[in-house]
Structure formats: structure tokens, C-alpha cells
Amino acid sequence: MAITVQNYMRLANYYNQTMAVMSAICVQKGGIAMENYVGRFFAADVLEYIVEYGRRLRVSGATIDADVTRLMDRFADQFERVKSLATPTQKPIYEMTLEEFEKIMNI
């Protein structure tokens, strides 16, 4: 996947939709707090990926709209608050080759 603003926006939309679904699940399960929902770890991993994608997008020199820049900053702030929930690895998923990822996932 080429690093583009459009792909970044797709990832941002995916994250926002995931958070909406997670919220609905918490309500359906009796109003449990989001910080007690097991899916919070997945959400932290997705947010970590999006923040890194945004960092690489900025480094690439792509033309980034001010609204997208504010979104990147907001996601980075959100990730700082939940980074302890992200899955620890020897090597971050976004730095792995496909072969390394398949090996870890036992595919």
C-alpha cells in the first residue's frame, strides 16, 4: 500500500468506525466502561499503526492539508495516553517484512 493521504484517511475512518462499534458493544454488554473492554488492546494497536503511518507520511514530503495534520496530532495525543496498552513486540509490526509477520502469526 503506497503511503498517501487518501490511505491515511481510510485508516483514520477505519479507526473511528472501530471505536463506534466498540462503544456500541460496551453499551450492549451492560454499559461497561471502555477502559474495561478487552478490545481496547486492539484499538491501541490500530492507533499505533495509524500514528506511525502518519509519521511516515509527513517524512515522505507529501502535501498534507491542515485538517489532516490536526487529525494526525490528535491521534498522536490519543496514542500517548494508551501506548501502554499496545502489544509489545521485539519489532513493531509496521517495521516487519511480510515473511516476519507470517512467521509471528504462524501462517
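Scroll up to find the structure this text is about.
Residues numbered from 1 in each chain as written. Predicted model: local features only at pLDDT ≥ 70, side-chain atom pairs only at ≥ 80, totals over all residues. Heavy atoms only, no water.

Caption draft 1: Examining the packing of helix α2 (residues 40-59) against helix α3 (residues 66-82) more closely. At a minimum axis distance of 9 Å, the contact between α2 and α3 shows a crossing angle of 140 degrees. Judged by the inter-axis angle, α2 sits oblique to α3. For the pair α2 and α3, the sense of crossing is left-handed. For the pair α2 and α3, contact is made by A44, L47, E48, I50, V51, G54, L57 and R58 and by T69, M72, D73, F75, A76, Q78, F79 and V82, respectively. (Axes fitted to C-alpha atoms, helices over the stretch in contact; angles between N-to-C directions. Helix = DSSP H or I, 4+ residues; strand = E, 2+ residues; numbered from the N terminus. Parallel < 35°, antiparallel > 145°, perpendicular 65-115°, else oblique. Left-handed = near helix turned anticlockwise from the far one by under 90°. Contact = heavy atoms within 4.5 Å.)

Caption draft 2: Fine view of the packing of aromatic side chains. Counted by the stated rule, this structure contains 3 aromatic pairs. Ring centres of Y15 and F75 lie 5.4 Å apart, and the angle between their planes is 85 degrees; on these two criteria the pair is classed as edge-to-face. Here Y15, found in helix α1 (residues 5-28), pairs with F75, found in helix α3; they are 60 residues apart in sequence, far enough to count as distant. Pair check on accessibility: Y15 and F75 agree, each one buried. A cation over a ring is seen here: R74 above F75, with NZ or CZ 5.7 Å from the ring centre. (Phe/Tyr/Trp six-rings, centres within 6.5 Å; stacked < 30°, edge-to-face > 60°. Buried < 20%, exposed > 50% of the residue type's maximum accessible area, 1.4 Å probe, protein only. Lys NZ or Arg CZ within 6 Å of the ring centre and 35° of its normal.)

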